[in-house]
Amino acid sequence: MAIIVNGVEISEASIENELAQHAEAESPRDAAIQELILRELLLQTAKKEGITAPTTEEIIGTLLEKAIPVEEADEAACLDFYNSNPESFTKGEMASANHILFPLGEGLTAGIAKAKAEGVLADVLANPSKFADLAREHSTCPSSAQGGSLGQFGRGQMVPEFEAAIFSTEAGVIVSTLVETQFGYHIIEVTERSQGDSVSFEEVKERLQAFLTDMAGRKAMHDYLGQLVTSAKIEGYSLPAMA
């Protein structure tokens, strides 16, 4: 059955051409189709708004800059996050954790990839004893062979988002939301924790500002694409929910 997006067909040739860009995805064909659908929705929206540019990438980039303005997190927001999460800003702490890693998805398919990861997270939260088995089945991290075990590590050894989640969670608890980093979406189970000393706001302000700004941008993108999908008529393919 043909895939049609608001009356525009996604050709089989287009899908074949796109496949090479998603060779490492769990399902390259699904990733290619999802990318093409989202790209088509963005191009249709850009056309309605009269946006023109020499290349498809520039058209989409101009639309997203206009539709998703994200301001840099200010000092007040950073300080509020810092004060609200004191356990996330310490040094000398150690922890052990297991995780299940999902790829972010390339380009426009990030929202779709997140939806898939959320489905596994719901399964893990409902059945914690399945964590290791689900890690072996789904995780793209080499630690999957050990049921997702990362062993022991301290502050500064992991990316900020990952650390913030782990060092704000008690041992024996699975983090209730996906944790997004540059490597992908993580489902995390904290197995051990030991306390450390506080880090001053000035020491972390710059890194925290970059983190909060990036997270705001990713959320805005996800929400915007979700709105486009919800309002579109897509035939011949069922996109995973992006709520």
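I will try to describe carefully the structure that is included in this document.

Rules used throughout
- Residues numbered from 1 in each chain as written.
- Predicted model: local features only at pLDDT ≥ 70, side-chain atom pairs only at ≥ 80, totals over all residues.
- Heavy atoms only, no water.
- Pairing = 2+ DSSP bridges.
- Helix = DSSP H or I, 4+ residues; strand = E, 2+ residues; numbered from the N terminus.
- Contact = heavy atoms within 4.5 Å.
- Axes fitted to C-alpha atoms, helices over the stretch in contact; angles between N-to-C directions.
- Parallel < 35°, antiparallel > 145°, perpendicular 65-115°, else oblique.
- Nonpolar A, V, L, I, M, F, W, Y, C, P; charged D, E, K, R; others polar.
- Left-handed = near helix turned anticlockwise from the far one by under 90°.
- Salt bridge = Lys/Arg side-chain N within 4 Å of Asp/Glu carboxyl O.
- Buried < 20%, exposed > 50% of the residue type's maximum accessible area, 1.4 Å probe, protein only.
- Phe/Tyr/Trp six-rings, centres within 6.5 Å; stacked < 30°, edge-to-face > 60°.

Moving on, we come to the sheet that holds strand β2 (residues 8-10). Read from one edge of the open sheet, three strands run β2-β1-β10, paired in antiparallel fashion. Across the chains shown, the open sheet's two edge strands, defined by having one partner strand only, are β2 and β10 (234-235). Pairing between strand β1 (residues 3-5) and β10: two bridges, direction antiparallel. Paired with I4 across the bridge in β10 is E235. Each of β1, β2 and β10 touches helix α2 (residues 28-48); the most contacted strand, β1, lies at about 25 degrees to it.

Moving on, we get to the packing of helix α4 (residues 75-84) against helix α8 (residues 201-231). Orientation of α4 relative to α8, taken along the N-to-C sense of each, is 110 degrees, at an axis distance of 9 Å. Taken as axis vectors, α4 and α8 run roughly perpendicular relative to one another. Contacts between α4 and α8 involve E75, A77, C78, L79, F81 and Y82 on the former and, on the latter, F201, V204, K205, L208, Q209, F211 and L212. By residue class, the composition of the contact of α4 with α8 is 10 nonpolar, one polar and two charged.

Attention shifts here to the packing of helix α1 (residues 12-19) against α2. For the pair α1 and α2, interaxial distance at closest approach is 9 Å and the crossing angle is 115 degrees. The handedness of the crossing between α1 and α2 is right-handed. From α1, E12, S14, I15, E16, E18 and L19 reach across to α2, where they touch P28, R29, A32, I33, E35, L36 and R39. Per-class residue counts for the contact of α1 with α2 are six nonpolar, one polar and six charged.

Another aspect to go through is the pattern of salt bridges. Counted according to the given criterion, the structure contains 12 salt bridges. Where R39 meets E35, a salt bridge forms, and the shortest distance between an N and an O atom there is 3.3 Å. One end of the pair, R39, and the other, E35, are both in helix α2, four residues apart, so they sit about a helical turn from each other. Classification of R39 by relative accessible area gives partly exposed; the value is 24%. Classification of E35 as buried rests on a relative accessible area of 7%.

A separate point is the packing of aromatic side chains. Going through the model one piece at a time under the given rule, you end up with six aromatic pairs. Relative to F211, the ring of F81 lies with its centre 6.0 Å away and its plane at 70 degrees, an arrangement referred to as edge-to-face. You can see F81 sitting in helix α4 and its partner F211 sitting in helix α8, a full 130 residues away along the chain. We classify F81 as partly exposed; its relative accessible area is 22%. Measuring from ring centre to ring centre gives 6.4 Å for F153 and F167, while their planes differ by 85 degrees; the resulting arrangement is edge-to-face. Highlighted residues: F153 in strand β5 (residues 149-154) and F167 in the loop between α7 (160-166) and β6 (173-174), separated in sequence by 14 residues. Owing to a relative accessible area of 2%, F153 belongs among the buried residues under this scheme. A network of ring pairs unites the aromatic residues F81, Y82, F89, F201 and F211 as a single cluster.

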